[in-house]
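Structure at a glance
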Amino acid sequence: MVLDKKSPLFYYNVTTFLYFCIAGIVSTFYYPFLSQAAGLTLAQVSRVTAFGAGFSLAAQPLLSYLFSRARNKKRFMFAYLMSLFGLCVLFLVIRPGFIYWFAAAYGCFGVPLIGTYEIYIEKIADQKGYPYDKIRKWGSVGMGCLTLAGGTIISLFSFRGLHLLAILLLSACVLIIWKKFEDVTESERAEKIRFADIFKNRRVNVLYLMSFLGIGSYVGCDFAFSSYLTGITGNLLLSNQLFSLSTGLKIFSEFLCFIAIGKFFRNYDVKKSFLLVFVFSGLRFLCISTGIIPVVILGDLLHGIVFPLFLTVIFQYLHLLAEDRLVSSCYGIVSMLMFGFSNFIFPPLFSAIQESLGYAMIYRVNVGFALVTVLIGWIFLPSAKRPGFSPEVSEEIY
């Protein structure tokens, strides 16, 4: 079936593809940029990452809160994209002496770039009746395509060429959103959200804790992966190629997993599916810790199961446990814990582990975090089938 180019869904898919190409440039290649273009050591990268993450602790919840309060969601997203445009320009002009200023800007606008868009597109999907996973899967395709090509682009045009491409793609996104996206608005009668409302549900707080321990530690060790590959291979060019290949393949596997979820997951148990996220996460780190290149790459591919399953189930769980008006803000807290607070806490911790015990121990520690997260979820999370947003089931789970 060919999607009608006049359909709003066509433009949502195209924009999601392009936006995650940008995310691939800004986030996936952030750590290689710091180590190679900015010339930082692994310890310096961890400090710069933690410094920037400190700013994201306030930025992601604030952006999510402002999004929930904004009556016109498209206008809010347009304003955020203009800030992201400024960040991409900074990538082109940054100098080592200003790296901490740059990290602060990255924490404010770069760290929240995926979470902010996911909140926006999930809101559209929910209000317009489109399956969220069918839109989000095109983001995996976009990020996969970009990261597969990223190593080649860097070798031919340097990081400057890569970030110029990000500016071009961002301009296309802005144009499509402004011209083709339907407005998603809030009613004037919508009840105002208090910050305390986001934390009043104990079971949602368990989701926050699991997201931080299980996915935050997962994201918090990304800064070491390219250096780990360089240490294994002893060749910077080869490690860049392997990094690009591994990242591209694992994100393409995200696309396949989103398709599988949309096709086969109909009446699944939300709790068991959520726990599976951390089981696969533990297996991923166990494989990476071996230091055997084929096993490392194979383990990294398990990311293609972890994140699609997490993103699908976390939104379902939030819709089950929280009021609809709070879902965007609650996911903002989840995103902040995964990409903000985690990068404030885990990179310095993992850097210290690497200096004392080597790279492999970083990934073995993450196996432990995954096991602890599964245990917490098994004990404290309620069980429920995916209800199709049935009010009766939602009330039962409360």
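Residues numbered from 1 in each chain as written. Predicted model: local features only at pLDDT ≥ 70, side-chain atom pairs only at ≥ 80, totals over all residues. Heavy atoms only, no water.

Description of the nonpolar core
Core analysis: the largest hydrophobic core is formed by 130 residues, its most contacted members being Y19, F181 and F274. Among the elements that line this core, the one with the most residues is helix α7 (residues 132–180), at 16 residues. If we ignore the near neighbours within four places in the chain, the residues touching Y19 are M77, Y80, L81, L84, L113, I114, Y117 and C173. (Core = buried A, V, L, I, M, F, W, Y, C linked by side-chain atoms within 4.5 Å. Buried < 20%, exposed > 50% of the residue type's maximum accessible area, 1.4 Å probe, protein only. Helix = DSSP H or I, 4+ residues; strand = E, 2+ residues; numbered from the N terminus. Contact = heavy atoms within 4.5 Å.)

Looking at the confidence of the model for the chain
Considering every residue of the chain, the mean pLDDT works out to 81; 90% of them sit at 70 or more. Confidence, read as mean pLDDT per element, is least for helix α16 (residues 391–397) in the chain (36) and greatest for helix α15 (residues 359–380) (92). Taken as a whole, residues 386–398 scores under 50 in pLDDT and shows 25 contacts with residues more than four places along the chain or in a different chain. (pLDDT = per-residue confidence, 0-100.)

Quick notes on the packing of helix α8 (residues 202–220) against helix α14 (residues 327–357)
Where α8 meets α14, the closest approach of the two axes is 7 Å, and the angle between their N-to-C directions is 40°. When the interaxial angle is binned, α8 and α14 end up oblique. Relative to α14, α8 is oriented so that their crossing is right-handed. (Axes fitted to C-alpha atoms, helices over the stretch in contact; angles between N-to-C directions. Parallel < 35°, antiparallel > 145°, perpendicular 65-115°, else oblique. Left-handed = near helix turned anticlockwise from the far one by under 90°.)

Examining helix α9 (residues 225–233)
For α9, the complete set of buried residues consists of F225, S226, Y228 and L229. Within α9, the buried residues cover an arc of 155° as seen down the axis, which keeps them to one side. Looking one or two residues past α9, G234 carries a phi angle of roughly 70°, positive in sign. (Arc of directions from axis to C-beta.)

A word on unusual backbone geometry
Residue S158 is not a glycine yet carries a positive backbone phi of 70°. Checked against the element boundaries, S158 lands in helix α7. S158 gets classed as partly exposed once you look at its relative accessible area, which sits at 36%.

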